[in-house]
Amino acid sequence: MTALDFPTEAARRLVATALDEDLGPDGLDVTSTATIPGDQQATGHVVAREAGVLAGAPVIDIVLAGVAERTGGRPPAVDVRVADGTRLQAGDVIAVVAGATQQVLMAERTLLNIMSRLSGVATHTRRWADALAGTGCTVLDTRKTTPGLRALEKYAVRAGGGGNHRFGLDDAMLIKDNHIALAGGIRDRQRLAVPRAAAALAFLGGVIGYERDRHRRRPQRAGQLGARPARAADQNPPGLDPLDARLDAADARRHGAFADDLGGVEMRHQIVKQVTAR
């Protein structure tokens, strides 16, 4: 599996839904059908309107194939000229599309909507990746994705230079405040949970046990119980400054722990300035 590895099947499902929404049950664009001859041919350019990072170029072929399937005829030819992950400038030609004018017009909005969304995610991720370059930090995503777009948005994070966190609830343990509170504490529950999860998810190469409170011994307990512990902060960003003090390098090496801040952090916050200044 390569770093980018475009999620083709997820894209096909999304495109099918999007075209159903846009073209209706009969697969019609009544305006294009009424105004453009069926045999007219056209060449169109997919062009960047502002600087950013490209993600979603493979969607162009998928959308055009979906339109052709609904309307009949041969899908327009596509010449993709820029790879996903590439930094774009305004005016850069991403792809050239040539074929039936009606099909090109029917496909236009769907492919632009998806590519714009994914390129926006990639562009924002790249800003963070650039800001953290050389610090040893990695930009990771979360499960707070648009419903139905998780595989594609996580792909866009990779295209922007970030990495993927767990994909869903089924591929890694992440013990949070609500689990700890409702389970009545962490020690006994995690002692039971880690072996079960390790047996069920052995392919992961280790279960991740996250501790989100302020008790220093929790990462040590997680390590002793067989999890790969993380010290995660989920508090107001200005309060993150003591993060390194709470999880020093010796503890991290001894217990296989790593520091992970979850959410709510912006580039303007002091913790980001401290990390990037090192």
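Residues numbered from 1 in each chain as written. Predicted model: local features only at pLDDT ≥ 70, side-chain atom pairs only at ≥ 80, totals over all residues. Heavy atoms only, no water.

Moving on: the pattern of salt bridges. Counted by the stated rule, this structure contains seven salt bridges. Residues Glu153 and Arg117 are paired through a salt bridge, measuring 2.9 Å at the closest nitrogen-oxygen approach. In this pair, Glu153 sits in helix α5 (residues 150-159) while Arg117 sits in helix α4 (residues 101-131), placing the two residues 36 residues apart along the sequence. Judged by its relative accessible area of 41%, Arg117 falls in the partly exposed class. Between Asp130 and Arg126 there is a salt bridge; the shortest N-O distance is 3.3 Å. With a gap of four residues between them, Asp130 and Arg126 both fall in helix α4, about one helical turn apart. Overall, the relative accessible area of 21% leaves Arg126 in the partly exposed class. (Salt bridge = Lys/Arg side-chain N within 4 Å of Asp/Glu carboxyl O. Helix = DSSP H or I, 4+ residues; strand = E, 2+ residues; numbered from the N terminus. Buried < 20%, exposed > 50% of the residue type's maximum accessible area, 1.4 Å probe, protein only.)

Moving on: the packing of aromatic side chains. Throughout the structure, instances matching the rule amount to one aromatic pair. Here Phe6 and Tyr155 contribute two aromatic rings whose centre-to-centre distance is 5.0 Å and whose plane-to-plane angle is 90°, an arrangement assigned as edge-to-face. Remark: Tyr155 occurs in helix α5 and Phe6 occurs in the segment before α1 (8-23); sequence separation between them is 149 residues. For the pair Phe6 and Tyr155, a shared accessibility class is recorded, and that class is buried. (Phe/Tyr/Trp six-rings, centres within 6.5 Å; stacked < 30°, edge-to-face > 60°.)

Attention shifts here to the confidence of the model for the chain. The predicted coordinates should not be examined in detail at positions where pLDDT is low. Counting all residues, the mean pLDDT for the chain is 78, and 65% of those residues have values of 70 or more. Segment residues 199-217 is flagged for pLDDT under 50; beyond a separation of four residues in sequence, or across chains, it makes 58 contacts in the model. Predicted confidence is poor over residues 231-250, with pLDDT under 50, and the contacts of this stretch with residues over four places away or in other chains come to 46 contacts. (pLDDT = per-residue confidence, 0-100. Contact = heavy atoms within 4.5 Å.)

Here we come to the sheet that holds strand β1 (residues 41-47). Spatially, three strands are ordered β1-β5-β3 in an open sheet, and the strand pairing comes out antiparallel. Only two strands of the sheet have a single partner each, and these edge strands are β1 and β3 (77-80). Pairs of neighbouring strands in the sheet enclose a mean axial angle of 15°, with direction left out of account. Note: β1 against strand β5 (residues 93-100), seven bridges, orientation antiparallel. Within β5, the residue paired with Gly44 across the bridge is Val97. (Pairing = 2+ DSSP bridges. Axes fitted to C-alpha atoms, helices over the stretch in contact; angles between N-to-C directions.)

On to the nonpolar core, then. Of all hydrophobic cores here, the largest spans 38 residues; its most connected members are Ile60, Val63 and Ile94. Broken down by secondary-structure element, the contributors of at least two residues to this core are α1, α3 (59-71), β5, α4 and α5. Setting aside residues no more than four positions away along its own chain, Val63 makes contact with Val15, Leu19, Ala107, Thr110 and Leu111. (Core = buried A, V, L, I, M, F, W, Y, C linked by side-chain atoms within 4.5 Å.)

With that settled, the discussion passes to the pairing of β5. With six of eight residues buried, β5 is to be regarded as a mostly interior element. Relative to β5, β3 runs antiparallel, the two sharing four bridges. The residue bridging Val78 from the neighbouring strand is Val97, located in β5.

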